[in-house]
There are 2 protein chains.
Amino acid sequence: MYVVVVYDTAAERNPKILRICRKYLHHVQRSVFEGNLTDGQLRRFQAAVESVLDLSYDNVLVYSFPPAAVPVRHAWGAAEPEPTDII
Amino acid sequence: MYVVVVYDTAAERNPKILRICRKYLHHVQRSVFEGNLTDGQLRRFQAAVESVLDLSYDNVLVYSFPPAAVPVRHAWGAAEPEPTDII
């Protein structure tokens, strides 16, 4: 399925979350990733993310779509940052 | 149409963007909003957002879906922040 992931984590955990997201998905904005995952990949991705989250503070949103319903994405403003712009 | 909006703006412009987003959409995560907009509302929302963006730095992603394809949202980790948690 196609997923869009937005994370809101404390700064000290951003590098770990970023590394996990990059392993599974494409980077489209500072804290936004997208890509196609199988059910198994999504489970592994979720387990990896949850292993580093502080459940009392961090929050990750995962929007999922059937393959035929990939959303249209518009970007307003500056070009998407290069991965090197990321904290 | 249904939209999901994620903004990545410099801190000094966050309050303005937040105010505009709240006028049109529901707040679901620190910098993530969702809701149904007509084409006219989307145009007005875009004009309002672009009037405060610094186009050399700020970036706003807008995912749009036909009404029949509203995405499934999963939240991992902490509960979504209250609007008062926002900078």
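Described below are features of the structure shown in this document. Not measured: the values here are computed from a predicted model.

Interfaces are often sized by the accessible area lost when the parts come together. Each partner contributes residues to the interface: chain B has 37 residues there, and chain A has 37 residues. With both chains or domains summed, chain B and chain A bury close to 3,100 Å², and 59% of this area falls on carbon and sulfur atoms. Broken down residue by residue, the surface that chain B buries against chain A is led by B:Gln29, B:Tyr63 and B:Trp76, which jointly contribute 28%. Linking chain B to chain A there are two salt bridges. Ionic pairing is found between B:Arg30 and A:Asp8, a salt bridge with its closest N-O pair at 2.9 Å. Linking chain B with chain A are 14 residue pairs in polar contact (both at pLDDT 80 or more). Among the elements of the structure, β1 (2-8), β2 (26-29), β3 (32-36), α2 (39-52), β4 (59-65) and β5 (72-77) of chain B are those that each provide at least two residues to the side of chain B that touches chain A. At seven residues, β4(B) tops the list of elements feeding residues into the side of chain B that touches chain A. Across the side of chain B that touches chain A, the residue classes break down as 23 nonpolar, seven polar and seven charged. One ladder, built from six bridges, connects strand β4 (residues 59-65) of chain A with β5(B); its direction is antiparallel.

Calculation rules
Residue positions are counted from 1 within each chain, in the order its sequence is given. All chains are assigned letters beginning with A, and all ligands numbers beginning with 1, in the order in which they are written. Only residues with pLDDT of at least 70 get local features here, since the model is predicted, and only at 80 or more are side-chain atom pairs given and counted; chain-wide, interface and lining totals rely on the full set of residues. Heavy atoms from the whole structure form the basis of all side-chain values; hydrogens and water molecules are not counted. It only takes one pair of heavy atoms within 4.5 Å for two residues to be counted as in contact. When two parts are brought into contact, each loses some accessible area as probed by a 1.4 Å sphere; the total of that loss over both is the buried area. Should a side-chain nitrogen of Lys or Arg be within 4 Å of a carboxyl oxygen of Asp or Glu, the pair is scored as a salt bridge. Counted as a polar contact is a pair of N or O atoms within 3.5 Å, where, for protein atoms, one must be capable of donating a hydrogen and the other of accepting one, and residues adjacent in sequence contribute only when both atoms are in side chains. Helix and strand assignments follow DSSP, with helices taken as H or I runs no shorter than four residues and strands as E runs no shorter than two, numbered in order from the N terminus. When residue character is reported, Ala, Val, Leu, Ile, Met, Phe, Trp, Tyr, Cys and Pro are called nonpolar, Asp, Glu, Lys and Arg charged, and the others, Gly included, polar. If DSSP finds at least two bridges between two strands, the strands pair.

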